Amino acid sequence: MRTNHNALLINSMHIYKLNLTILMILTCFISITSVFWGSKHAVGATTPVVTTPIKWHPGHYYTIMDYGKNASWYLSQVYSEIKATPALRGIQIRYSWAELETSEGVYNFSSIAKRLNELSSINKRLVIVVETKTFDPTEVLIPNYLKTGIYEGGQYLFSTPNKAGVQGYNLKLWNPQVRDRLKALVRALGKRFNSEPYFEGIGLTETALGQPDVPLTSQQIDDYFANLLNIQQQMRTAFPNTMTFQFTNYPRPILESFISSLRNMGAGLGGPDVFIEDPGLNYPLIPKGVYNYYPENSGIMPLTPSVMHGNYKSTKADGTGYEPTIMELLSFARDTLKANYIFWHRDPDYYLKVLETLNQANQKANPAGGLDFTCPGIYTTCAN
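Predicted model only: the values in this text are computed from it and were never measured.

Caption draft 1: Examining helix H6 (residues 110-120) more closely. Along H6, the residues that are buried comprise Ser111, Ile112, Arg115, Leu116 and Leu119. The buried residues of H6 occupy an angular sector of 130° when the element is viewed end-on, so they sit on one face. Looking at the buried positions of H6, the neighbouring elements they touch are helix H4 (72-83), strand S3 (88-96), helix H5 (97-100), strand S6 (125-131), helix H7 (176-193) and strand S10 (199-204).

Caption draft 2: Local environment of the sheet that holds strand S14 (residues 303-307). With parallel pairing, 8 strands are arranged side by side around a closed barrel as S2-S3-S6-S10-S12-S13-S14-S15. Geometrically, the sheet is characterised by an average inter-axis angle of 25° between neighbouring strands, direction not taken into account. Sheet topology note: the S14/strand S15 (residues 341-345) ladder contains 2 bridges and is parallel. If you follow Val307 over to S15, its bridge partner there is Trp344. Of the strands in this sheet, strand S2 (59-63), S3 and S15 are in contact with helix H14 (residues 351-358), which crosses S2 at around 165°.

Caption draft 3: Highlighting the sheet that holds strand S8 (residues 155-159). Judged by pairing direction, the sheet is antiparallel, and its 4 strands sit side by side in the order S7-S9-S8-S11 without closing on themselves. In this open sheet, the two strands that pair with only one neighbour each are strand S7 (133-134) and strand S11 (211-212). Here S8 pairs with S11 via 2 bridges, running antiparallel. Paired with Phe158 across the strands is Pro212, a residue of S11.

Caption draft 4: The arrangement of the nonpolar core in detail. Ile91, Leu189 and Trp344 are the most contacted members of the largest nonpolar core, which has 108 residues in total. At 8 residues, the largest contribution of residues to this core is made by helix H8 (residues 218-238). Every residue in contact with Leu189, bar those within four places of it in the chain, is listed here: Leu100, Phe109, Ile112, Ile128, Val130, Asn194, Ile202 and Phe239.

Caption draft 5: Just the environment of Asn282, in detail. Take Asn282: it is sitting in helix H10 (residues 279-282). For Asn282, a relative accessible area of 25% corresponds to the partly exposed category. Linking Asn282 and Tyr293, residues 11 residues apart in sequence, is a C-alpha distance of 9.8 Å. When sequence neighbours within four positions are dropped, the list of residues in contact with Asn282 reads Phe275, Ile276, Glu277, Tyr291, Asn292 and Phe332. Engagement of the side chain of Asn282 in a polar contact is seen with the backbone oxygen of Ile276, the distance being 3.1 Å. Within the structure, the side chain of Asn282 is placed 2.8 Å from the backbone oxygen of Asp278, a separation counted as a polar contact.

Caption draft 6: The arrangement of unusual backbone geometry in detail. Residue Pro251 follows Tyr250 across a cis peptide bond; omega there is -5°. For Pro251, the location among the structural elements is in the loop between strand S12 (243-247) and helix H9 (255-265). The amide bond that connects Ile286 to the next residue, Pro287, takes the cis arrangement and shows omega of 0°. One non-glycine residue, Asn123, lies in positive phi territory at about 60°. Here Asn123 lies in the loop between H6 and S6. Of note in the backbone geometry, Lys338 takes a positive phi value of approximately 60° without being a glycine. According to the relative accessible area criterion, Lys338 is partly exposed, its value standing at 33%.

Caption draft 7: Structural detail: the packing of aromatic side chains. Following the criterion strictly, the structure yields 22 aromatic pairs and no others. Summarising the aromatic geometry, the rings of Tyr61 and Phe343 are spaced 6.1 Å apart at their centres and angled 70° between planes, so their arrangement reads as edge-to-face. With Tyr61 in strand S2 and Phe343 in strand S15, this residue pair connects regions lying 282 residues apart in the sequence. Exposure remark for Phe343: the relative accessible area of 0% places this residue in the buried category. Ring centres of Tyr145 and Tyr151 lie 5.7 Å apart, and the angle between their planes is 75°; this geometry places the pair in the edge-to-face category. Here Tyr145 and Tyr151 have matching classes, each one buried.

Caption draft 8: The arrangement of the pairing of S6 in detail. For S6, a buried count of 7 out of 7 residues is recorded, marking the element as mostly surrounded by other parts of the structure. Of the two faces of S6, the one lined by Arg125, Val127, Val129 and Glu131 and the one lined by Leu126, Ile128 and Val130 are each fully buried. As paired strands, S3 and S6 are joined by 7 bridges and run parallel to one another. Across the sheet, the residue bridging to Gly90 is Arg125, located in S6.

Caption draft 9: Region of interest: the packing of H7 against H8. For the pair H7 and H8, the least separation of the axes is 9 Å and the interaxial angle reads 20°. Taken together, the axes of H7 and H8 are roughly parallel relative to one another. Two packed elements cross with a definite hand, and for H7 against H8 that hand is right-handed. Counting all contacts with H7, which are made through Arg179, Leu182, Lys183, Val186, Arg187 and Gly190, the residues of H8 involved are Asn227, Asn230, Ile231, Gln234, Met235 and Ala238. In the contact of H7 with H8, the residues fall into 5 nonpolar, 4 polar and 3 charged.

Caption draft 10: Up close: helix H13 (residues 326-336). For H13, every residue scored as buried is listed here: Ile326, Leu329, Leu330, Phe332 and Ala333. Viewed along the axis of H13, the buried residues span an arc of 165°, placing them on a single side of the element. Where H13 is buried, its residues contact S2, H10, S14, helix H12 (309-313), S15 and H14. Trailing H13 by a residue or two, Lys338 shows a phi angle of about 60°, which is positive.

Analysis parameters
The written sequence of each chain sets the order in which its residues are numbered from 1. Whole-chain, interface and lining totals are the exception, using all residues; otherwise, since this is a predicted model, local features are given only for residues with pLDDT of at least 70 and side-chain atom pairs are given and counted only at 80 or more. Calculation of side-chain values draws on the structure's entire complement of heavy atoms; hydrogens and water are dropped beforehand. Three labels apply to residues, based on accessible area from a 1.4 Å probe with only protein chains included: buried if under 20% of the type maximum, exposed if over 50%, partly exposed otherwise in between. Helix and strand assignments come from DSSP, with helices taken as H or I runs of at least 4 residues and strands as E runs of at least 2, each series counted from the N terminus. The directions considered for the arc run from the helix axis to the C-beta atoms. The contact criterion used throughout is that any non-hydrogen atoms of two residues lie within 4.5 Å. Strands were regarded as paired on the criterion that DSSP finds at least two bridges between them. Axis lines are fitted through C-alpha atoms, for helices just across the contact stretch, and the angle between N-to-C directions can take any value from 0 to 180 degrees. By convention a nonpolar core is built from buried Ala, Val, Leu, Ile, Met, Phe, Trp, Tyr and Cys residues, the set being connected through side-chain atoms within 4.5 Å. We call two N or O atoms a polar contact when they sit within 3.5 Å, provided that within protein one can donate a hydrogen and the other can accept it, with sequence-adjacent residues counted only if both atoms are side-chain atoms. By convention, a stacked pair of Phe, Tyr or Trp rings (six-membered ring in the case of Trp) has centres within 6.5 Å and planes under 30 degrees apart, an edge-to-face pair has planes over 60 apart, and any other such pair is tilted. For classification purposes, an angle smaller than 35 degrees is called roughly parallel, one larger than 145 roughly antiparallel, one from 65 to 115 roughly perpendicular, and anything else oblique. Note: crossing handedness is left-handed where the near helix turns anticlockwise from the far helix by less than a right angle, and right-handed where it turns clockwise. Each residue gets one label: Ala, Val, Leu, Ile, Met, Phe, Trp, Tyr, Cys and Pro are nonpolar, Asp, Glu, Lys and Arg are charged, and the others, such as Gly, are polar.

Function-wise, these values are silent; they only describe arrangement.
Okay, here's the thing in structure tokens:
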């Protein structure tokens with residue numbers, strides 16, 4: 001959920017040019033048809049690349065607090081609120097890799113199944129995010145078996161430049177064994193939940209690398225993003241009837257090719273934050289900030305930004321902006337970013353204001369809570 005202005009990574013990325021054709025050869029995950037589509041159609045084209053019907057229920061979703069996802073007292077309150085708020089179509093829950101794979105090849109999806117059953121009983125839907133990054137070094141991100149030599153320990157420690165003292169772990173995704181184990185998890189999730197009608201979507205956390213304690217090589221960076229796209233392609237294969245997305249923010253030099261690859265495989269563009277005035281996310285020159293790519297892809301691919309804790313407090317990632325109103329956040333995500341889905345963090349200090357705003361008349365204008373519910377051009381069919 002943090003942005004990254006890491007000068008070290010930017011310098012290392014100046015030679016990093018992810019040519020779309022080379023990227024597709026390296027990762028071997030986009031079909032010849034998709035390559036042809038990508039080379040012949042400019043942004044704005046609507047040639048479908050996903051030919052299976054996709055569950056499509058855009059609108060507003062709660063992102064619930066991590067401590068509450070298995071707490072009956074908390075969930076009871078959440079369900080009461082979403083039942084009383086038609087614009088809230090469901091909830092988003094984040095799960096760490098370690099929570100879902102307890103040991104190698106042993107998966108525990110019981111929490112997802114329980115929440116899905118509860119939500120379906122009240123005609124609400126579930127979106128999950130598989131966390132590949134943590135901003136607290138005490139949190140357990142990966143299964144223990146990944147912390148061995150063949151996986152290079154599985155994770156690396158990083159700091160966040162614009163937040164002094166904030167550290168966390170990110171995946172060593174350049175390692176092909178780490179990549180393949182995450183793909184196995186995605187396949188298992190797809191086998192279990194793709195056919196569930198109230199399982200609305202699945203995504204991965206942000207692309208920003210953080211500032212690694214041990215600097216990464218340009219090859220590691222290249223492999224990291226190639227493997228991330230490879231996992232996204234696996235997600236499209238494992239979830240042929242489900243909306244999939246990638247939270248994307250940094251580094252700016254890769255964004256054009258990276259987002260084109262997401263579009264060409266049928267994945268959605270999401271974001272970990274809505275910072276209205278943030279200079280890096282809004283940067284208008286080449287390499288452009290990620291917010292510039294949202295309106296360009298409106299009506300083409302799913303657009304799924306998130307409103308997180310820091311977004312309620314400041315319009316800039318470094319905290320130097322002003323505290324926006326809920327309506328300002330909504331207007332920016334809806335009108336500037338052209339969001340189909342907005343994931344609202346159920347922050348204890350702000351959720352009552354979110355509910356008040358979502359219950360206003362404008363958010364009852366259509367089933368998507370006033371957001372764009374048009375079926376994206378990359379899909380042949382949207383199943384409502």
